[in-house]
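What the coordinates show
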Amino acid sequence: MTTTVKLTVTGMKCGGCENTVKKALTGKEAIVSVDASHADDWVEIEYDETVIDEDAVIEVIEGAGFTVVD
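Attention in this report is confined to the structure presented alongside it. Every value quoted in this text rests on a predicted model; they were computed, and no experiment measured them. (Residues numbered from 1 in each chain as written. Predicted model: local features only at pLDDT ≥ 70, side-chain atom pairs only at ≥ 80, totals over all residues. Heavy atoms only, no water.)

Spatial ordering of the open sheet is given by β2-β3-β1-β4, a layout of four strands whose pairing is antiparallel. Where the open sheet ends on each side, the last strands, each with one partner, are β2 (31-37) and β4 (67-69). Here the average twist between neighbouring strands, direction ignored, is 35°. Looking at chain direction, strand β1 (residues 2-10) and strand β3 (residues 42-48) are connected through seven bridges and run antiparallel. Within β3, the position partnered with Val-5 by the bridge is Ile-45. (Pairing = 2+ DSSP bridges. Helix = DSSP H or I, 4+ residues; strand = E, 2+ residues; numbered from the N terminus. Axes fitted to C-alpha atoms, helices over the stretch in contact; angles between N-to-C directions.)

The structure is reproduced here in structure tokens:
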């Protein structure tokens, strides 16, 4: 079963930053799709919640050098 979450992410300054986040997430098992907007500070991720959870998704984003805001 898939879940979609839209997270507020700071630190993305350009399209290259968007691509960094997308690449980090797309390489993970269970990630179905990723969209991002550096101009509006969000990342939307669709993932298989039976394999990965939201906390793990956040860890990947933060591991790529960006901050997820509650």
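With that settled, the discussion passes to helix α2 (residues 54-63). Side chains that are three or four residues apart share a direction in an α-helix, a result of its 3.6 residues per turn. Burial in α2 covers these residues: Val-57, Ile-58, Val-60 and Ile-61. Along the long axis of α2, the arc covered by the buried residues comes to 155°, so they all point the same way. Facing away from the buried surface of α2 by more than 90 degrees, the exposed residues are Asp-55, Glu-59 and Gly-63. Buried residues along α2 sit in contact with β1, α1 (15-26), β2, β3 and β4. Taken from the residues just after α2, Gly-65 is the one with a positive phi, measuring 105°. (Buried < 20%, exposed > 50% of the residue type's maximum accessible area, 1.4 Å probe, protein only. Arc of directions from axis to C-beta. Contact = heavy atoms within 4.5 Å.)

Let us now look at the environment of Ala-64. Within the secondary structure, Ala-64 sits in the loop between α2 and β4. Residue classification places Ala-64 among the partly exposed residues on the basis of a relative accessible area of 27%. Here the alpha-carbon distance between Ala-64 and Cys-17, two residues 47 residues apart in the chain, equals 9.3 Å.

Time to look at the pairing of β2. Side-chain direction in a regular strand flips from residue to residue, so the side chains alternate between the two faces of the sheet. The pairing of β2 with β3 spans six bridges and is classified as antiparallel. Of the residues in β3, the one forming a bridge with Val-34 is Ile-45. Count of turn residues in the β2/β3 antiparallel hairpin: four residues, of which Asp-41 carries a positive phi of about 60°.

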